[in-house]
Amino acid sequence: ETGVTQTPRHLVMGMTNKKSLKCEQHLGHNAMYWYKQSAKKPLELMFVYSLEERVENNSVPSRFSPECPNSSHLFLHLHTLQPEDSALYLCASSQASGRVGGTDTQYFGPGTRLTVL
Amino acid sequence: KNQVEQSPQSLIILEGKNCTLQCNYTVSPFSNLRWYKQDTGRGPVSLTIMTFSENTKSNGRYTATLDADTKQSSLHITASQLSDSASYICVVSEGNDMRFGAGTRLTVKP
């Protein structure tokens, strides 16, 4: 058990739906991350929050909207997605500043398997 | 072309055997290199992290090596177990950015 939980674990949605992914960390960390993992492709960093402020956004389409109401919770709001957005969405947290290239270890949740029809 | 290349893409070995996974990178400047293990249906779990000055790091049966001159790293697994079946991901950091390899899928058979 890594102390990072994600819900739902599986989600199927149509292109016109609006849904949200939730992540919660129980480790007392200061930074949280969203990643996208597509089949046979490297992990893609989407968003980074440090102390509830967004510090990184790797040019992610606006149909993905993150929200970090406090240091323990992170959401990813989804609307008008495309079939190519189908992937495993992983949340992670780390102790320190959220500096992406730093040495603090990121702890990952189990992911949400998203299918867009 | 990805700046972090892992080989092989997949590997099948028998239980009890050793194996070595490779990671070559072109990332520069280099900050650190991590190896993660990702079980099917789970998130990645950190195995090792090495900075520029380190050339080997062990975690139980897992030993990672780093040659910063040739920009190569390897992950050696000793006396493999069925539970070692997973994807192994190499991640190289440059400054404030991280570059991910596509992973090696390891299957350990009885």
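None of these values were measured; they are calculated from a predicted model. (Residues numbered from 1 in each chain as written. Chains lettered and ligands numbered in written order. Predicted model: local features only at pLDDT ≥ 70, side-chain atom pairs only at ≥ 80, totals over all residues. Heavy atoms only, no water.)

**Q** Tell me about the pairing of strand β3 (residues 18-25) of chain A, residues and numbers included.
**A** Residues and elements named next belong to chain A. Where strand β1 (residues 4-7) lies against β3, four bridges are found, and the strand directions are antiparallel. When the bridges of β3 are listed, threonine 7 appears paired with lysine 22. Taken together, the seven bridges between β3 and strand β8 (residues 73-79) define a ladder with antiparallel strand orientation. Following the sheet pairing, cysteine 23 is matched in β8 by leucine 74. (Pairing = 2+ DSSP bridges. Helix = DSSP H or I, 4+ residues; strand = E, 2+ residues; numbered from the N terminus.)

**Q** Run through the sheet that holds strand β7 (residues 62-67) of chain B, naming residues and quoting values.
**A** Residues and elements named next belong to chain B. Pairing within the open sheet is antiparallel, and its five strands lie in the order β1-β3-β8-β7-β6. One side of each edge strand has no neighbouring strand; the edge strands of this open sheet are β1 (4-7) and β6 (56-59). The average undirected angle you get between the axes of adjacent strands in this sheet is 15 degrees. Where β1 and strand β3 (residues 19-25) come together, four bridges link them in antiparallel fashion. Paired with glutamine 6 across the bridge in β3 is cysteine 23. (Axes fitted to C-alpha atoms, helices over the stretch in contact; angles between N-to-C directions.)

**Q** Give me the lowdown on the packing of aromatic side chains, citing residues and values where you can.
**A** What the rule picks out here adds up to eight aromatic pairs over all chains. Consider the rings of B:Tyr25 and B:Phe30, whose centres lie 5.4 Å apart with planes at 25 degrees: the pair is stacked. By relative accessible area, which is 4% here, B:Tyr25 ends up buried. On the basis of relative accessible area, B:Phe30 is assigned to the buried category, the value being 17%. Three or more aromatic residues joined by ring pairs make a cluster, and in this case those are A:Tyr33, A:Tyr35, A:Phe108, B:Tyr36 and B:Phe100. The ring of B:Tyr62 has B:Arg61 sitting right over it, with the charged end atom 5.7 Å from the ring centre. (Phe/Tyr/Trp six-rings, centres within 6.5 Å; stacked < 30°, edge-to-face > 60°. Buried < 20%, exposed > 50% of the residue type's maximum accessible area, 1.4 Å probe, protein only. Lys NZ or Arg CZ within 6 Å of the ring centre and 35° of its normal.)

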